[in-house]
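Chain by chain, the residues run as shown.
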Amino acid sequence: QKEVEQDPGPLSVPEGAIVSLNCTYSNSAFQYFMWYRQYSRKGPELLMYTYSSGNKEDGRFTAQVDKSSKYISLFIRDSQPSDSATYLCAMRGSSNTGKLIFGQGTTLQVKP
Amino acid sequence: SQTIHQWPATLVQPVGSPLSLECTVEGTSNPNLYWYRQAAGRGLQLLFYSVGIGQISSEVPQNLSASRPQDRQFILSSKKLLLSDSGFYLCAWSFGAGRNFGPGTRLLVL
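The structure presented is a predicted model; accordingly, all values stated were derived computationally and were not measured.

Further remarks concern the overall build of chain B. For chain B, the helix and strand inventory stands at zero helices and eleven strands. Mapped in sequence order, the helices and strands of chain B form the string β-β-β-β-β-β-β-β-β-β-β. On C-alpha atoms alone, chain B measures out to a radius of gyration of 13 Å, which is about the 13 Å that the 2.2 N^0.38 rule sets for 110 residues. In chain B, buried positions account for 48% of the 110 residues. Expressed as a percentage of contacts within chain B between residues at least 6 apart in sequence, the contacts between residues at least 24 apart total 53%. Here chain B displays about 5,100 Å² of accessible surface, and carbon together with sulfur accounts for 54% of that area.

Right, here's the structure in full:
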């Protein structure tokens, strides 16, 4: 079993839709949770960063962590064609020397 | 602000040829530096990380090597490339618990 599971998609939605991207994980020691956005042929860029459980909102993006279910989500409201990209979840334990574990990435296409 | 540079952006190399990819970081000192490879449909694979000059840790046995000759310079090398070395190579530095990635080098081994 992989430490982090992420549905690779592709996920195709119409412009304006609410998008839900998800990851599940098996290691209960994970404390830091991140979402990266990667446009085609570019390096990933950090989109959202949360510590432990709860929600964090930034504009149209909301990151949600449910440690009891070992499940994290990224919601995109009013999706735009410019949101079309691959979204990778990533997580790590509390140790500064701990590895950052990435999901496989979900490819999202928002159609105008 | 911190900036990370990688070059070249794209590289096509024959099997058996050597490889040298360079990464430099600006705007920070003594960063933790990382090399990742991203192959199609396989996510990000950590290859090497370095906590300081001359200090390299290898995550995956392979025909690649890394060196850190200067504080803000990280080099990925190979003496003889294999077809399986094709992929998107990303350099990154630590930002809190996360990583900031460079623009990447797309390597195609033929």
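Anyway, onward from the coordinates.
This part covers the pairing of strand β5 (residues 44-52) of chain B. Residues and elements named next belong to chain B. Note: strand β4 (residues 33-38) against β5, six bridges, orientation antiparallel. What sits directly across from tryptophan 35, in β5, is phenylalanine 48. As defined by bridge partners, β5 adjoins strand β6 (residues 55-58) across three bridges and the pair is classed as antiparallel. Looking across to β6, one finds that tyrosine 49 is bridged to serine 57. Turn length for the β5-β6 hairpin, with the two strands adjacent in sequence and antiparallel, is two residues, and the turn residue glycine 54 shows positive phi of about 75°.

Turning our attention to the interface of chain B and chain A. Many analyses report the size of an interface as the accessible area lost when the parts associate. Listed per partner, the contact involves 19 residues of chain B and 18 residues of chain A. Between chain B and chain A the total buried area reaches about 1,400 Å² when both faces are included, carbon and sulfur atoms providing 56% of it. Connecting chain B to chain A are one salt bridge. Its salt-bridge partner being A:Lys99, residue B:Glu59 comes within 3.2 Å of it at the nearest N-O pair.

All names here are of chain A. Taken together, the five strands give an open sheet; going across it, the order is β1-β3-β8-β7-β6, and neighbouring strands pair in antiparallel fashion. A single partner strand is all that each edge strand has here, and the edge strands are β1 (4-6) and β6 (54-58). With direction set aside, neighbouring strand axes in the sheet form an average angle of 15°. Where β6 and strand β7 (residues 61-66) come together, five bridges link them in antiparallel fashion.

The final tally for this structure, using the stated rule, is twelve aromatic pairs over all chains. Both rings, one in A:Phe102 and one in B:Tyr36, keep their centres 5.7 Å apart while their planes meet at 85°; by these two values the pair is edge-to-face. Of the two residues, A:Phe102 is situated in strand β10 (residues 101-102) and B:Tyr36 in strand β4; the pairing between them involves two chains. Judged by relative accessible area, which is 11%, A:Phe102 ranks as buried. It is B:Arg99 that lies over the ring of B:Tyr34; its NZ or CZ is 4.0 Å from the centre. The cationic tip of B:Arg106 hangs over the ring face of B:Phe88; the distance from NZ or CZ to the ring centre is 4.3 Å.

Further remarks concern the pattern of salt bridges. Residue and element names in this part refer to chain A. Here the structure, examined in full by the defined rule, presents six salt bridges over all chains. The closest approach of N and O atoms between aspartate 83 and arginine 60, which form a salt bridge, is 2.8 Å. One end of the pair, aspartate 83, is in the loop between β8 (71-76) and β9 (85-92); the other, arginine 60, is in the loop between β6 and β7, and 23 residues separate them in sequence. You can call aspartate 83 buried: its relative accessible area is 2%. With a relative accessible area of 26%, arginine 60 lands in the partly exposed category.

Definitions and limits used
Residue positions within a chain follow its written sequence, with the count starting from 1. Chains and ligands are labelled by the order in which they are written, letters from A for the one and numbers from 1 for the other. Per-residue local features are limited, in this predicted model, to residues with pLDDT of at least 70; the limit for side-chain atom pairs, both in listing and counting, is 80 or more; totals at the level of whole chains, interfaces and linings are taken over all residues. The side-chain quantities take in all heavy atoms of the structure and omit both hydrogens and water. A run of DSSP states H or I qualifies as a helix once it reaches four residues; a run of E qualifies as a strand once it reaches two. Both are numbered from the N-terminal end. Note on method: radius of gyration uses C-alpha positions; expected globular size equals 2.2 Å times residues raised to 0.38. Throughout this description, buried means an accessible area under 20% of the type-specific maximum (1.4 Å probe, protein chains only), exposed means over 50%, and partly exposed covers the range between. Contacts between residues were defined by any pair of non-hydrogen atoms, one from each residue, lying within 4.5 Å. Each accessible area is a Shrake-Rupley estimate made with a 1.4 Å probe; only the visible protein chains count as cover when residues are assessed. The pairing criterion for strands is at least two bridges between them, as found by DSSP. Buried surface area refers to the total accessible area, computed with a probe of radius 1.4 Å, that the two partners give up upon joining, counted for both partners together. Any carboxyl oxygen of Asp or Glu within 4 Å of a side-chain nitrogen of Lys or Arg constitutes a salt bridge here. Between N-to-C directions, angles cover 0 to 180 degrees, with each direction set by a line fitted to C-alpha atoms, over the stretch in contact for helices. When two rings of Phe, Tyr or Trp (its six-membered ring) have centres within 6.5 Å they constitute a pair, described as stacked for plane angles under 30 degrees, edge-to-face for angles over 60, and tilted for the intermediate range. Note on geometry: a ring has a charge over it if NZ (lysine) or CZ (arginine) is within 6 Å of the ring centre and within 35 degrees of the ring normal.

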